[in-house]
Amino acid sequence: MSVITEHSLSPAPCTLKHRINPLPSGPLPDAPDRKTAAVMAKKSPDDRAGWLGGAIYGPASFVNWTRRDVAHVARHHWIPCVFAACLLFFMGVEYTLLMVPASSPPFDIGFVATQALHRLLSSSPELNTLLAALNTVFVGMQTTYILWTWVIERRPRATIATLFMFTCRGILGYSTQLPLPQGFLGSGVDFPVGNVSFFLFYSGHVAGSVIASLDMRRMQRWELAWLFDALNVLQMVRLLGTRGHYTIDLAVGIGAGILFDSLAGKYEESKKMSKGGIGNGIPKEALMT
């Protein structure tokens, strides 16, 4: 006969499987208390509207916008608002315009804007040759400056950007070879010299000018930079007037100059980091032991 003791009557200890977590106390995360609401009210309009990454409650930033937030965004962030309006406008244009038939030449708004100049250059070959010669001189100016920064000033960024730019231009230009525009006015003194063949997309004339101008701004050579920008604009007008490039070639040339200048800068930074042993977090002295 077993003996029942006080210890045997005590309940068995509860295992982890039988434990029940208590419900959390306090307000739910999506229901801020008065203190949190007061802090949110003191935040800047950008934070309250969630415009520049400010923390808000809700699935999207614009859900909780008030009229005050909308007015603030429209006043202080008008550039993205203009882009949004342009998006809606060009969506309507794109879905309603008539496509250009395959038998017709491409439509180019730059060609339309320079019709008068094209007629003038067509009727005056001497003027066309003069402008082509001046344009070639400008190409020589930008080439000389870019090489000067590398050879004399020992700053290779502009040269690296130019190498990147022309390599990418060759790949894209060969991949999609655009037809020569109707009414093209060539010249034996134009660059490339001798009126040889060239890639249309994108404009190396424009991209090289942008690379040189950006370098001038980094060195605070403001007058020279503005001069190059002005000559670049005249160059673009002349290229459109002679039908030497499509408008898209010139627009992408500007972007290409900015892009490859930035990539060249990142390349220089990466080499400086790796040279000092900082890029991978290992000191240079540790690699030499």
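This structure is a prediction, so every number in the text was calculated from the model and none was measured.

By size, the foremost hydrophobic cluster in this structure holds 17 residues, and its most contacted members are Met 165, Tyr 202, Ile 211, Ala 212, Met 216 and Phe 260. Those elements that provide at least two residues to this core are helix 8 (125-151), helix 9 (157-175), helix 10 (204-218), helix 11 (222-241) and helix 12 (247-275). Residues contacting Ala 212, with those up to four places away along its chain left out, are Gln 142, Tyr 145, Ile 146 and Phe 228. Counting 9 residues, the second largest nonpolar core, distinct from the first, contains Leu 200, Val 206, Leu 239 and Leu 240.

Another aspect to go through is the side chain of Asp 215. Residue position: Asp 215 is located in helix 10. A residue is classified by how much of its surface remains accessible, and Asp 215, at 0% relative accessible area, is buried. One polar contact links Asp 215 to Arg 155, side chain to side chain, over a distance of 2.8 Å. When sequence neighbours within four positions are dropped, the list of residues in contact with Asp 215 reads Tyr 145, Thr 149, Arg 155 and Ala 158.

For the rest of this paragraph, the subject is the environment of Ile 160. Relative to the helices and strands, Ile 160 resides in helix 9. Looking at Ile 160, the relative accessible area reads 16%, which means it is buried. Those residues in contact with Ile 160 that sit more than four places away from it in its chain are Ala 264 and Tyr 267.

Turning our attention to the packing of helix 11 against helix 12. For the pair helix 11 and helix 12, interaxial distance at closest approach is 10 Å and the crossing angle is 155°. In terms of orientation, helix 11 and helix 12 fall into the roughly antiparallel class. The interaxial crossing formed by helix 11 with helix 12 has right-handed handedness. Along the contact surface, helix 11 presents Met 236, Leu 239 and Leu 240, while helix 12 presents Thr 247, Leu 250 and Ile 254. Across the contact of helix 11 with helix 12, the residue classes tally to 5 nonpolar, 1 polar and no charged.

Attention shifts here to the packing of aromatic side chains. Enumeration according to the criterion identifies 6 aromatic pairs in this entry. Ring centres of Phe 89 and Phe 90 lie 5.0 Å apart, and the angle between their planes is 75°; this geometry places the pair in the edge-to-face category. When sorted by exposure, Phe 89 lands in the same class as Phe 90, which is exposed. Taking 5.9 Å as the distance between ring centres and 80° as the angle between the ring planes, the aromatic pair formed by Phe 201 and Tyr 202 counts as edge-to-face. The ring of Trp 226 is capped by Arg 217, whose NZ or CZ atom sits 4.9 Å from the centre of that ring. Directly above the ring of Phe 111 sits Arg 243, whose terminal nitrogen or CZ lies 4.4 Å from the centroid.

A separate point is the environment of Arg 155. Of note, Arg 155 is situated in the loop between helix 8 and helix 9. For the pair formed by Arg 155 and Glu 268, sequence separation is 113 residues and the distance between their alpha carbons is 10.0 Å. Not counting chain neighbours up to four residues away, the residues in contact with Arg 155 comprise Tyr 145, Thr 149, Trp 150, Asp 215, Met 219 and Arg 221. Among the polar contacts listed, one links the side chain of Arg 155 to the side chain of Glu 153, at a separation of 2.5 Å.

The subject of this paragraph is the environment of Val 139. One can find Val 139 in helix 8. Among the residues examined, Val 139 registers a relative accessible area of 8% and is labelled buried. When the C-alpha positions of Val 139 and Gly 208 are compared, they lie 8.2 Å apart, and in sequence the two are 69 residues distant. Every residue in contact with Val 139, bar those within four places of it in the chain, is listed here: Phe 191, His 205 and Gln 235.

Procedures and definitions
- Residues numbered from 1 in each chain as written.
- Predicted model: local features only at pLDDT ≥ 70, side-chain atom pairs only at ≥ 80, totals over all residues.
- Heavy atoms only, no water.
- Core = buried A, V, L, I, M, F, W, Y, C linked by side-chain atoms within 4.5 Å.
- Buried < 20%, exposed > 50% of the residue type's maximum accessible area, 1.4 Å probe, protein only.
- Helix = DSSP H or I, 4+ residues; strand = E, 2+ residues; numbered from the N terminus.
- Contact = heavy atoms within 4.5 Å.
- Polar contact = N/O pair within 3.5 Å; in protein donor to acceptor, adjacent residues only side chain to side chain.
- Axes fitted to C-alpha atoms, helices over the stretch in contact; angles between N-to-C directions.
- Parallel < 35°, antiparallel > 145°, perpendicular 65-115°, else oblique.
- Left-handed = near helix turned anticlockwise from the far one by under 90°.
- Nonpolar A, V, L, I, M, F, W, Y, C, P; charged D, E, K, R; others polar.
- Phe/Tyr/Trp six-rings, centres within 6.5 Å; stacked < 30°, edge-to-face > 60°.
- Lys NZ or Arg CZ within 6 Å of the ring centre and 35° of its normal.

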